[in-house]
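# Observations on the three-dimensional arrangement
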2 protein chains.
Amino acid sequence: MMNIGVIGLGAVGLFIASSLAKRHEVTGYVRREEQANEIKDQGIIVDNSETFVSVTTSQKFKEHDLIIICTKQMAIDTLIPTLELVGRHTPILFLQNGQGHIEKIHHLPHPILLGVCEHGIVKIKDNEVSLKGLGKIRLGALHKHHAELAVDISLALYQLDFPVKEHGSITDVLNRKLIVNSVINPLTAIFNCRNGSIMTNDHLKYLAKKLTKEAAMTLNVDEDEAWERVRQVAEQTKENYSSMLSDIQAKRQTEIDFINGYILKKSSDFLPYQTNVYHMVKAKEGLRE
Amino acid sequence: MMNIGVIGLGAVGLFIASSLAKRHEVTGYVRREEQANEIKDQGIIVDNSETFVSVTTSQKFKEHDLIIICTKQMAIDTLIPTLELVGRHTPILFLQNGQGHIEKIHHLPHPILLGVCEHGIVKIKDNEVSLKGLGKIRLGALHKHHAELAVDISLALYQLDFPVKEHGSITDVLNRKLIVNSVINPLTAIFNCRNGSIMTNDHLKYLAKKLTKEAAMTLNVDEDEAWERVRQVAEQTKENYSSMLSDIQAKRQTEIDFINGYILKKSSDFLPYQTNVYHMVKAKEGLRE
């Protein structure tokens, strides 16, 4: 049993905190007092079953065996000073989309793990989510000399209904997820459609292929392999709404800067399709009609 | 007083038929029996004032002094055989957006006039429109040797509240309108916004500028001049919804093939922004969620 701090209880954080609480001692860190109170009063509800975890709005983290960062990319900047106060031997697992955060956390003295959450989770309320598709959490060490620790932690976290897998080169896994996100997220956000429409609408499929090609080229991933993965994810999650579409609908800031913006920054070439969707999602963020 | 046939009573056709009926004998040609009956029974209503005109669903045109074609571009193909039966001295005025139709009507033996309708007209019902902005109808001869006829007809049609102006090089006027349409129409259709948003949203403005540049380059128009015109139209019609957005909302086919599709066909270069909006409007047409 580990003592785990989960930072940020959005859809992913709620699911992870509730899953890990079956075997570990979990403390959730949130910013809003109302959310903290709801979770204290009613627990975290995952598809009608409730789990109680400790929750606090404290900005200072307690001693933990592992800290899991489940916030969005844009929250990382403000988190860094807090993380610098955490004991230097405490492993920290980052579960953000994209890769923009890696350079920001590179200097931290702690064992840094990077991970990808493949579960399909939909947030229903501040303390309630629904699991639409069970995936895996894939994780790995940012620095090679923490590879063994990454294996240990993945085994310690593993549960049958909460699979965790260690990957030697986690940045490859992050790259592959980034490509999928850079295609499905902006198209569904612009067109206000479910993930499945990307493969059933000929023109969305055409744009998706072009976006995949540009992203794969930029991140040195085989284009056909990348396209196959985009196709699979769109198919497997065809009834779902992407997180970027949900952000647009809720008038929240999207992660476009950390997904398509990151690819554009990485590329030395002009990427016409990535550039267009970048500006279009930004335009959508700005439209408040 | 002329005897004028107006073919197609959409927003533009209804307004033109009703305006001309004050001074001329007008016959409207429509396809649907229900629309014919509504116009026969209630007249054409423009902002609460009604005008009665003859209307018929006949596919054969009577003798007229002038025929004005107010259908959309896509109806031109099916109209050609009917027009070939019209007396070869009858002038025909085409008021379509874009220029794709010009090559199709080039062979007709009649005096061909091309025109641009700048009025802001919104269709309310099959027999009712609202005039949101009084513009001009600009017309000119397709072939130089009909230039004088074009002047005569513009003078004959002219009314204080229905200004008509002859232009020596009408294709320049068509080009300029095409550029504006290739920017405002697709962006408003994709983003489901009023024309004015294109200048108030920084990212839409960015995309608009890129689209203008590509279109101006393709049609040999000065880029700054073209941009100034786009800016003006977006400003002057800021509260309006574009025809392409209205088509998308009503689940009708849009004129994208004759606007952005025409520019893409004309260009020997790859136009990244025009290409993207082309596929995006096509995607919108296909999405029926």
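Throughout this description, residue numbers start from 1 for each chain and increase along the sequence as written. Key to labels: chains lettered from A, ligands numbered from 1, both in the order written. Owing to the predicted nature of the model, reporting of local features is limited to residues with pLDDT of at least 70; listing and counting of side-chain atom pairs is limited to 80 or more, with chain, interface and lining totals taken over all residues. Water and hydrogen atoms were dropped before computing side-chain values, which therefore reflect all heavy atoms in the structure.

Here the focus is the overall build of chain A. Per the secondary structure count, chain A includes 12 helices and 12 strands. For chain A, the spread of C-alpha atoms along the principal axes amounts to about 50 × 40 × 35 Å. For every residue, the accessible area obtained with a 1.4 Å probe (protein chains only) is divided by the maximum for its type, and the residue is called buried under 20%, exposed over 50%, and partly exposed between those limits. For chain A, the proportion of its 289 residues judged to be buried stands at 58%. By definition in these notes, contact holds between two residues if any of their heavy atoms fall within 4.5 Å. Across chain A, every contact between residues at least 6 apart in sequence was considered, and the portion connecting residues at least 24 apart equals 65%. Helix numbers and strand numbers start at the N terminus; a helix is a DSSP run of H or I with at least 4 residues, a strand a run of E with at least 2.

All names here are of chain A. Two rings belonging to Phe, Tyr or Trp (six-membered ring only in the last case) form a pair when the distance between their centres is within 6.5 Å. Interplanar angles under 30 degrees mark stacking, angles over 60 mark edge-to-face geometry, and anything in between is tilted. Counting across every chain of the model gives 6 aromatic pairs over all chains. Between the aromatic rings of Phe15 and Phe162, the centroid separation amounts to 6.1 Å while the plane-to-plane angle is 45°, which identifies the pairing as tilted. Here the residue Phe15 occupies a position in helix 1 (residues 11–20), and Phe162 occupies one in the loop between helix 5 (147–157) and strand 12 (164–166), the gap between them amounting to 147 residues. Comparing Phe15 with Phe162 shows no difference in burial state: the two are buried.

This paragraph deals with helix 6 (residues 170–191) of chain B. Residues and elements named next belong to chain B. Here helix 6 is 22 residues long and its end C-alpha atoms lie 31 Å apart, about the 32 Å a rise of 1.5 Å per residue gives. Residue Asn181 marks the point of greatest curvature in helix 6, where the axis turns by about 25°. When you tally the buried positions in helix 6, you get 18 out of 22 residues, the bulk of the element. Backbone geometry just downstream of helix 6 places Asn192 in the positive-phi region, at approximately 55°. Expected span, for any helix, means 1.5 Å times one less than how many residues it has. To get the bend at any residue, fit one axis to the seven residues that end at it and another to the seven that begin at it, then take the angle between the two axes.

Further remarks concern the sheet that holds strand 12 (residues 164–166) of chain B. Residues and elements named next belong to chain B. Reading across from one edge, 5-2-1-6-7-8-11-12 is the order of the 8 strands in this open sheet, with mixed pairing throughout. With one partner strand each, in any of the chains shown, strand 5 (54–56) and strand 12 form the two edges of the open sheet. For this sheet, the mean angle separating the axes of adjacent strands, direction not counted, is 25°. On the sheet, helix 6 packs against strand 8 (112–117) and strand 11 (137–141) and is oriented at approximately 35° with respect to strand 8. At least two bridges found by DSSP between two strands are what make those strands a pair. Helix axes are fitted only over the stretch in contact, all axes being lines through C-alpha atoms; the angle between N-to-C directions runs from 0 to 180 degrees.

Residue and element names in this part refer to chain A. The domain boundaries here were taken from an automatic or database domain assignment. Segmenting chain A into domains produces domain 1 (3–168) and domain 2 (172–286). Once you take the C-alpha centre of each, domain 1 and domain 2 turn out to be 25 Å apart. Of the residues lining the interface, 17 residues belong to domain 1; the matching set on domain 2 comes to 13 residues. Buried area, as used here, totals the accessible surface that two parts lose on assembly, with accessibility defined by a 1.4 Å probe and the loss added over both. Across the domain 1 to domain 2 interface the summed buried area is about 1400 Å²; carbon plus sulfur atoms make up 60%. The term salt bridge refers to a pairing of a side-chain nitrogen on Lys or Arg with a carboxyl oxygen on Asp or Glu at a separation within 4 Å. Applying the counting criterion to the domain 1 and domain 2 interface returns 1 salt bridge. A salt bridge links Lys72 to Asp247; the shortest N-O distance between them is 2.7 Å. Distance and chemistry together define a polar contact, namely a pair of N or O atoms within 3.5 Å, with one atom able to donate a hydrogen and the other to accept it when in protein, and with adjacent residues in sequence counting only for side-chain atoms on both sides. Here domain 1 is connected to domain 2 by 7 residue pairs in polar contact (both at pLDDT 80 or more). Counting only elements with at least two residues in the side of domain 1 that touches domain 2, the list comes to helix 4 (102–105) and strand 8 (112–117). When residues in the side of domain 1 that touches domain 2 are grouped by element, the largest group, 4 residues, is from strand 8. Polarity classes work like this: nonpolar for Ala, Val, Leu, Ile, Met, Phe, Trp, Tyr, Cys and Pro, charged for Asp, Glu, Lys and Arg, and polar for all others, with Gly in that last group. Among the residues forming the side of domain 1 that touches domain 2, the class breakdown is 5 nonpolar, 8 polar and 4 charged.

Take the side chain of Asp126 of chain A next. Residue and element names in this part refer to chain A. Positionally, Asp126 belongs in the loop between strand 9 (120–125) and strand 10 (128–133). Here Asp126 falls in the buried class, since its relative accessible area comes to 17%. One polar contact links Asp126 to Arg32, side chain to side chain, over a distance of 3.0 Å. When residues no more than four places from it in sequence are discounted, the contact partners of Asp126 are Leu9, Leu14, Arg32, Gln35, Glu38 and Ile39.

This part covers the interface of chain B and chain A. Of the residues lining the interface, 24 residues belong to chain B; the matching set on chain A comes to 24 residues. Across the chain B/chain A interface, buried area totals approximately 2300 Å², and carbon plus sulfur atoms make up 68% of it. The interface formed by chain B and chain A includes 0 salt bridges. Across the chain B-chain A interface, the total number found is 4 residue pairs in polar contact (both at pLDDT 80 or more). For the side of chain B that touches chain A, the class distribution of residues is 13 nonpolar, 7 polar and 4 charged.

To continue, consider the packing of helix 6 (residues 170–191) of chain A against helix 9 (residues 223–236) of chain A. All names here are of chain A. Across the interface, helix 6 lies against helix 9 with an axial gap of 9 Å and an inter-helix angle of 60°. Looking at the two axes, helix 6 sits oblique to helix 9. Of the two elements, helix 6 crosses helix 9, and the hand of that crossing is right-handed. Listed contacts from helix 9 to Arg176, Ile179, Val180, Val183 and Ile184 of helix 6 are Ala226, Arg229, Val230, Val233 and Ala234. Among the residues making up the contact of helix 6 with helix 9, the classes are represented as 8 nonpolar, no polar and 2 charged. Any angle that is under 35 degrees is reported as roughly parallel, and any over 145 degrees as roughly antiparallel; angles of 65 to 115 degrees are reported as roughly perpendicular and all others as oblique. Here a crossing is called left-handed whenever its near helix is offset anticlockwise from the far helix by less than a right angle, and right-handed whenever the offset is clockwise.

This part takes up the environment of Val151 of chain A. As for its placement among the helices and strands, Val151 of chain A is situated in helix 5. Separated by 12 residues in sequence, Val151 of chain A and Leu139 of chain A have C-alpha atoms that sit 8.6 Å apart.

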